Amino acid sequence: RRAMAVMRVNQRALTSWVGIARIFAIVLSCIAFSLVASTGIYGGAYGTWCMFTWCFCFAVTVLIVLLELLELYPKLPLSWDDFTSAFSMLAALMIFTTSVVFPSTFISSPCNSDTCARQAAATAISCLCFLAYALEVGLTRAKPGDISSFLSTVPGLLKVFEAYVACLIFSLLDDVGSEPALQWCVAVYAICFIITLLIIIMTIGRCLAYMPCPLEKMLVGYNALALVMYLTVTVIWPLYSFRNTRRPNPCGANCWWNKRLGVTFLTIFNLLAYLVDLVYSTKMVFVTVP
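Given the structure is predicted, the values throughout are model-derived calculations rather than measurements.

1. A few points about the overall build of the protein chain
The number of helices and strands found in the protein chain is nine helices and zero strands. Oriented by its inertia axes, the alpha-carbon framework of the protein chain measures out at about 85 × 60 × 35 Å. For the protein chain, the residues scored as buried account for 41% of the 290 residues in total. Taking as baseline every contact in the protein chain between residues at least 6 positions apart, the subset at least 24 positions apart corresponds to 76%. Accessible surface for the protein chain amounts to roughly 15700 Å². Of this, 69% is attributable to carbon and sulfur atoms. Between the averaged position of the 18 positive side-chain charges in the protein chain and that of its 13 negative side-chain charges there is a distance of 4 Å.

Shown next as structure tokens:
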């Protein structure tokens, strides 16, 4: 008798609400980069970033669906729930950024050409794609009291947000010169980014269990320290970045003044993220949920 290998197929990977959200994300991201590719106008750093975002999210989501459909993900040496939660949050943030950057960079007014119409359609499709990933984040978010998958909890999702915002800050940083105050700000951005990224990677790789100290209390301590460090940067960065300077006229997209202003707002966003992260982490550790 011949032994026949039977491959199991998990239909819930396509029929569950999470699976449906992923299918929509796959289709919408594919349409978005196809429309932009058909115009042939996506050069420069911003255009390359937008195309990379759509293609990257499309490819990884297809891989996730296939691994769940064929039930191959248990063989991977990682925490699958943490990985998918972190990716869906990252994809939502990347697609949201692209949906803002692309039209502001490539669509000009009045929009009355076929190329512009396809660019506008790609923008609308990208916005819908963001909603699909945001829906997946909402569907996979852990219920209160459930910490089996850390990156699906509010503090875990905030870790992804904090790391992504830090990457945006790095993309806007210009030469800070020999000013010690601005060098301190860059050091804070780098230190907090590296530690947050390590937490994400170690969580996905199931390495946090080997930590020699209580993980939950360590995270609370780190969040408190990061909050204080970002609080100093929130004051120091705008004070020394715009001291004795005026906004150049004209000041285009690559103007140093606009970039430093963007860093200022992103710093405030991360400060608020670390504040919320500290509140939720403290609640998870010190408040018992029945």
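2. Structural notes on the packing of helix 7 (residues 180–204) against helix 8 (residues 215–241)
With their axes 9 Å apart at the nearest point, helix 7 and helix 8 run at an angle of 150° to one another. The angle between helix 7 and helix 8 places the two elements in the roughly antiparallel class. Of the two possible hands of crossing, helix 7 and helix 8 adopt the one that is left-handed. Within the contact between the two elements, helix 7 uses Ala181, Leu182, Trp184, Cys185, Val188, Tyr189, Ile191, Cys192, Ile195, Thr196 and Ile199 and helix 8 uses Leu219, Tyr222, Ala226, Met229, Tyr230, Thr232, Val233, Ile236, Trp237, Tyr240 and Ser241.

3. A look at a nonpolar patch on the surface
A surface patch of nonpolar side chains, amounting to about 690 Å² of accessible area, comprises Phe265, Ile268, Phe269, Leu272, Leu275, Val276, Val279 and Tyr280. Following the sequence through the fold, Leu272 ends up in helix 9 (residues 256–286). A relative accessible area of 46% places Leu272 in the partly exposed class.

4. Description of the packing of helix 2 (residues 17–39) against helix 5 (residues 114–140)
One way to put it is that helix 2 packs onto helix 5 with a least axis distance of 8 Å and a crossing angle of 160°. Taken together, helix 2 and helix 5 sit at an angle that is classed as roughly antiparallel. Judged by the sense of rotation from one axis to the other, the crossing of helix 2 with helix 5 is left-handed. The class makeup of the residues in the contact of helix 2 with helix 5 is 19 nonpolar, six polar and three charged.

5. Observations regarding the packing of aromatic side chains
To describe a pair of aromatic rings, you give the distance between the ring centres and the angle between the ring planes. Summed over all chains, the structure comprises 16 aromatic pairs. With a centroid separation of 5.2 Å and 25° between ring planes, the pair formed by Tyr73 and Trp80 is classed as stacked. Through successive ring pairs, a cluster of aromatic residues spans Trp49, Phe52, Phe56, Phe87 and Tyr133.

6. Describing helix 7
In this model helix 7 runs 36 Å from its N-terminal to its C-terminal C-alpha over 25 residues, within 8% of the 36 Å that 1.5 Å per residue would give. Regarding helix 7, the residues found buried are Ala181, Leu182, Cys185, Val188, Tyr189, Cys192, Phe193, Thr196, Ile199, Ile200, Thr203 and Ile204. Looking at the residues trailing helix 7, positive phi occurs at Arg206, about 60°.

7. A short note on helix 3 (residues 44–69)
In a regular helix each residue adds 1.5 Å, so 26 residues correspond to 38 Å; helix 3 covers 37 Å between its end C-alpha atoms and thus fits that length. Where helix 3 terminates, the next one or two residues include Glu71, which has phi positive at roughly 55°.

8. Details of the UniProt feature "transmembrane region" (unreviewed entry) in the protein chain
The UniProt record marks residues 20–45, 51–73, 85–107, 119–138, 150–174, 186–208, 220–240 and 260–280 with the feature "transmembrane region" (unreviewed entry), using the residue numbering of this structure. As annotated, residues 85–107 has a helix share of 96% and a strand share of 0%, and its two end C-alpha atoms lie 33 Å apart. Helix makes up 100% of residues 220–240 and strand 0%. Its end C-alpha atoms lie 30 Å apart.

9. Looking at the nonpolar core
The nonpolar side chains of a soluble globular protein tend to be buried with one another. Of all hydrophobic cores here, the largest spans 38 residues; its most connected members are Ile169, Tyr189, Cys192, Tyr230, Trp237 and Tyr274. For this core, the secondary structure elements donating two or more residues are helix 4 (80–106), helix 6 (154–172), helix 7, helix 8 and helix 9. Domain assignment of the residues forming this core places at least three in each of domain 1 (7–145) and domain 2 (153–289). In this structure Cys192 touches Tyr222, Ala226, Met229, Tyr230 and Tyr274, once residues within four positions along its chain are discounted. One finds Trp54, Cys57, Phe87 and Val101 within the second-largest nonpolar core, a separate group that totals 25 residues.

10. Section: the side chain of Thr264
Here Thr264 is to be found in helix 9. For Thr264, the contacting residues outside a window of four places in its chain are Trp237, Pro238 and Phe242.

11. Some details on unusual backbone geometry
Residues other than glycine predominantly adopt negative phi, and peptide bonds predominantly adopt the trans conformation. The backbone of Glu71 shows a phi angle near 55°, a positive value even though the residue is not glycine. Of note, Arg206 is a non-glycine position whose phi angle comes to about 60°, a positive value. Along the chain, Arg206 turns up in the loop between helix 7 and helix 8.

12. Regarding the domain arrangement of the protein chain
Considered domain by domain, the protein chain is made up of domain 1 (7–145) and domain 2 (153–289). Centre-to-centre, using C-alpha coordinates, domain 1 lies 25 Å away from domain 2. Counting from both sides, the interface comprises 18 residues of domain 1 and, opposite them, 13 residues of domain 2. Of the roughly 1300 Å² buried between domain 1 and domain 2 on both sides combined, carbon and sulfur atoms contribute 75%. The tally of links between domain 1 and domain 2 comes to zero salt bridges. Counting every contact that joins domain 1 to domain 2 gives three residue pairs in polar contact (both at pLDDT 80 or more). When residues in the side of domain 1 that touches domain 2 are grouped by element, the largest group, nine residues, is from helix 4.

Rules used in this analysis
Residues numbered from 1 in each chain as written. Predicted model: local features only at pLDDT ≥ 70, side-chain atom pairs only at ≥ 80, totals over all residues. Heavy atoms only, no water. Helix = DSSP H or I, 4+ residues; strand = E, 2+ residues; numbered from the N terminus. Buried < 20%, exposed > 50% of the residue type's maximum accessible area, 1.4 Å probe, protein only. Contact = heavy atoms within 4.5 Å. Areas by Shrake-Rupley, 256 points an atom, 1.4 Å probe, with all protein chains shown as cover. Lys, Arg positive; Asp, Glu negative; His and termini not counted. Charge placed at Lys NZ, Arg CZ, Asp CG, Glu CD. Axes fitted to C-alpha atoms, helices over the stretch in contact; angles between N-to-C directions. Parallel < 35°, antiparallel > 145°, perpendicular 65-115°, else oblique. Left-handed = near helix turned anticlockwise from the far one by under 90°. Patch = residues over 30% accessible without salt bridge, like charges linked within 9 Å, V, L, I, M, F, W, Y side chains within 5 Å. Salt bridge = Lys/Arg side-chain N within 4 Å of Asp/Glu carboxyl O. Nonpolar A, V, L, I, M, F, W, Y, C, P; charged D, E, K, R; others polar. Phe/Tyr/Trp six-rings, centres within 6.5 Å; stacked < 30°, edge-to-face > 60°. Expected span 1.5 Å × (residues − 1). UniProt positions renumbered as here; feature names shortened; annotations may be inferred. Core = buried A, V, L, I, M, F, W, Y, C linked by side-chain atoms within 4.5 Å. Domains from an automatic or database assignment. Buried area = accessible area lost by both parts, 1.4 Å probe. Polar contact = N/O pair within 3.5 Å; in protein donor to acceptor, adjacent residues only side chain to side chain.

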